[in-house]
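Here is what each chain is made of, one letter per residue.
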Amino acid sequence: MGSTVNRAWRSCCTMWASCGLSWPAQDIDILGTLRITSELMCFSVHHIRRYKCCRKIKDTVQKLASDHKDIHSSVSRVGKAIDRNFDSEICGVVSDAVWDSREKQQQTLQMAILEHLYQQGMLSVAEELCQESTLNVDLDFKQPFLELNRILEALHEQDLGPALEWAVSHRQRLLELNSSLEFKLHRLQFIRLLAGGPEKQLEALSYARHFQPFAHVHQREIQVMMGSLVYLQLGLEKSPYCHLLDNSHWAEICETFTRDACSLLGLSVESPLSVSFASGCVALPVLMNIKAVMEQRQCSGVWSHKDELPIEIELGMKCWYHSVFACPILRQQTSDSNPPIKLICGHVISRDALNKLINGGKLKCPYCPMEQNPADGKRIIF
């Protein structure tokens, strides 16, 4: 037994030494110190566990420090990239003399933000802005947005009543726009009745009378809806007409209403502020480069008009809102002061190009040999 204890004691001392601690490793008297040995062994095991725990914590802290170093390096590179690619003097791209006064600029910007907030349905934020900026906004400006958002909120809750009431009251003007909004609203109401099952069949048939004014334009769609009644007893969701129950019809009606209502009320479908911001993000780098070239060549006076840019900037199809004509002779975009002119032969040039091509009171088309009287040219409005 004594040798067994001594071996255990030497093993304990070896483990103790592996932890960087010193302890007498000689054999001990079994009869006098057996109890002490047992207590010391328990203490050693507890200390070793604590040592391993501390080592694990230390390794974890070192790993976190290493990971933080990598993250800090990445964040630092982002900051340097921002400093390298963004110019803090953006306002210097255009001279202040080109635009209106600073007060006028501030008022225009505030009105653009206000219109954006109203158009996005953030009415409480818009009212707070009015109070803090002391903008005087009359009810006539707010009313179209208030009505638009009220009807859209009802549509999002699948309530067609306000939208149908609005469409009926504006029926004539919607027809002038070739709008199918009222028909689509009636169709969606009919589909809601179909979704009610056989119990709503008679009500659906009665409601179908609303389609009569639209039969000559939407005949095929009306026939599809009438055909779906055959499967009403069996369940429309398992029939060839199950697409009528698709929830995408609600998203479509919201888009249709927004587009047609904005067109009717003289509003843009997209917020002018968001469109201007997106266009500015595309155009600003180009304008920065032009500014640098102008400063190098000392020709800063080239750009002096606020209604045009020094070069043409491609913004993409999304920002095309009206037709644009560039004169093939002078390679300049036409304007109100320099409109496009159609010659008798059918070719179109700008008025400035026409005036430069006049020789002896006659004009020879630059694309064909036809001679003509300059006064016979007609202005084109796109």
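Residues numbered from 1 in each chain as written. Predicted model: local features only at pLDDT ≥ 70, side-chain atom pairs only at ≥ 80, totals over all residues. Heavy atoms only, no water.

The chain is annotated in an unreviewed UniProt entry as E3 ubiquitin-protein transferase RMND5B isoform X6 from Bos indicus. Annotation of the chain in UniProt includes, under Subcellular location (unreviewed entry), the sentence "Cytoplasm". (UniProt positions renumbered as here; feature names shortened; annotations may be inferred.)

Bringing the overall build of the chain into the picture now. If you tally the helices and strands in the chain, you get 13 helices and 6 strands. Relative to its full complement of 382 residues, the chain shows a buried share of 30%. Counting every atom, the chain has about 26,100 Å² of accessible surface; 55% of that belongs to carbon and sulfur. (Helix = DSSP H or I, 4+ residues; strand = E, 2+ residues; numbered from the N terminus. Buried < 20%, exposed > 50% of the residue type's maximum accessible area, 1.4 Å probe, protein only. Areas by Shrake-Rupley, 256 points an atom, 1.4 Å probe, with all protein chains shown as cover.)

Scanning all chains against the criterion turns up 6 salt bridges. When the shortest N-O distance is used, the salt bridge between glutamate 127 and lysine 142 registers 3.2 Å. Of this pair, glutamate 127 sits in helix H4 (residues 123-133) while lysine 142 is found in helix H5 (residues 139-156), placing the two residues 15 residues apart along the sequence. For lysine 142, a relative accessible area of 15% gives the class buried. (Salt bridge = Lys/Arg side-chain N within 4 Å of Asp/Glu carboxyl O.)

Relative to the helices and strands, aspartate 260 resides in helix H11 (residues 248-265). You can call aspartate 260 buried: its relative accessible area is 9%. Sequence-distant contacts of aspartate 260, defined by excluding residues within four places in its chain, comprise Leu174, Leu177, Ser179, Ser180 and Leu181. (Contact = heavy atoms within 4.5 Å.)

What follows covers the packing of aromatic side chains. Within this structure, the stated rule accounts for 8 aromatic pairs. Measuring from centroid to centroid gives 6.3 Å for tyrosine 118 and phenylalanine 141, while their planes differ by 75 degrees, and the two rings are edge-to-face. Separated by 23 residues along the polypeptide, tyrosine 118 in helix H3 (residues 102-119) and phenylalanine 141 in helix H5 bring together distant segments of the chain. By relative accessible area, which is 22% here, phenylalanine 141 ends up partly exposed. (Phe/Tyr/Trp six-rings, centres within 6.5 Å; stacked < 30°, edge-to-face > 60°.)

Ordered in space as S2-S1-S6, the 3 strands form an open sheet in which the pairing is antiparallel. At either margin of the open sheet sits one strand with a lone partner, and together these are strand S2 (348-350) and strand S6 (378-379). Direction of pairing for strand S1 (residues 340-342) relative to S2: antiparallel, over a ladder of 3 bridges. If you follow isoleucine 341 over to S2, its bridge partner there is isoleucine 349. (Pairing = 2+ DSSP bridges.)

Here we take up the packing of helix H6 (residues 161-169) against helix H8 (residues 181-195). It is at 9 Å that the axes of H6 and H8 come closest, and there the two elements cross at 145 degrees. Here H6 and H8 pass one another in a crossing that is left-handed. Between H6 and H8, the residues in contact are Ala163, Leu164, Trp166, Ala167 and Val168 and Leu181, Glu182, Leu185 and His186, respectively. Of the residues assigned to the contact of H6 with H8, the class counts are 7 nonpolar, 1 polar and 1 charged. (Axes fitted to C-alpha atoms, helices over the stretch in contact; angles between N-to-C directions. Left-handed = near helix turned anticlockwise from the far one by under 90°. Nonpolar A, V, L, I, M, F, W, Y, C, P; charged D, E, K, R; others polar.)

Bringing a nonpolar patch on the surface into the picture now. Taken together, the side chains of Val230, Tyr231 and Leu234 define a hydrophobic patch exposed on the protein surface, amounting to about 330 Å² of accessible area. Of note, tyrosine 231 is situated in the loop between helix H10 (219-227) and H11. Relative accessible area serves as the criterion here: at 30%, tyrosine 231 is assigned to the partly exposed category. (Patch = residues over 30% accessible without salt bridge, like charges linked within 9 Å, V, L, I, M, F, W, Y side chains within 5 Å.)

Turning our attention to the nonpolar core. In this structure, Leu155, Trp166, Leu185, Phe190 and Phe257 are the most contacted members of the largest nonpolar core, which totals 46 residues. Within the residue set of this core, elements represented by two or more residues are H3, H4, H5, H6, H8, helix H9 (201-207), H10 and H11. When residues in this core are grouped by element, the largest group, 8 residues, is from H8. Other than its neighbours up to four places away in sequence, phenylalanine 190 contacts Ala204, Tyr207, Ala208, Phe211, Met225, Met226 and Leu229. Ala353, Leu354, Leu363 and Cys368 belong to the second-largest nonpolar core, a separate cluster that totals 9 residues. (Core = buried A, V, L, I, M, F, W, Y, C linked by side-chain atoms within 4.5 Å.)

This part is about the state of the cysteines. A complete count under the given rule lists 0 disulfides for this structure. There is no disulfide at cysteine 345, and the cysteine sulfur nearest it, in cysteine 365, is 3.5 Å away. Looking at cysteine 368, it has no disulfide partner, and the nearest cysteine sulfur is the one in cysteine 365, 3.6 Å off. (Disulfide = S-S within 2.5 Å.)

One open sheet accounts for 3 strands, arranged S3-S4-S5; its pairing is antiparallel. Looking at which strands have only one partner, the edges of the open sheet turn out to be strand S3 (358-359) and strand S5 (371-372).

Now for the environment of alanine 112. With respect to the helices, strands and loops of the structure, alanine 112 is situated in helix H3. Along the primary structure alanine 112 and proline 272 are separated by 160 residues, whereas in three dimensions their C-alpha atoms are 7.1 Å apart.

With that out of the way, let us pick up H3. The first and last C-alpha atoms of H3 sit 26 Å apart over 18 residues, in line with the 26 Å expected at 1.5 Å per residue. Looking at the buried residues of H3, the elements they touch are H4, H5 and helix H12 (272-297). (Expected span 1.5 Å × (residues − 1).)

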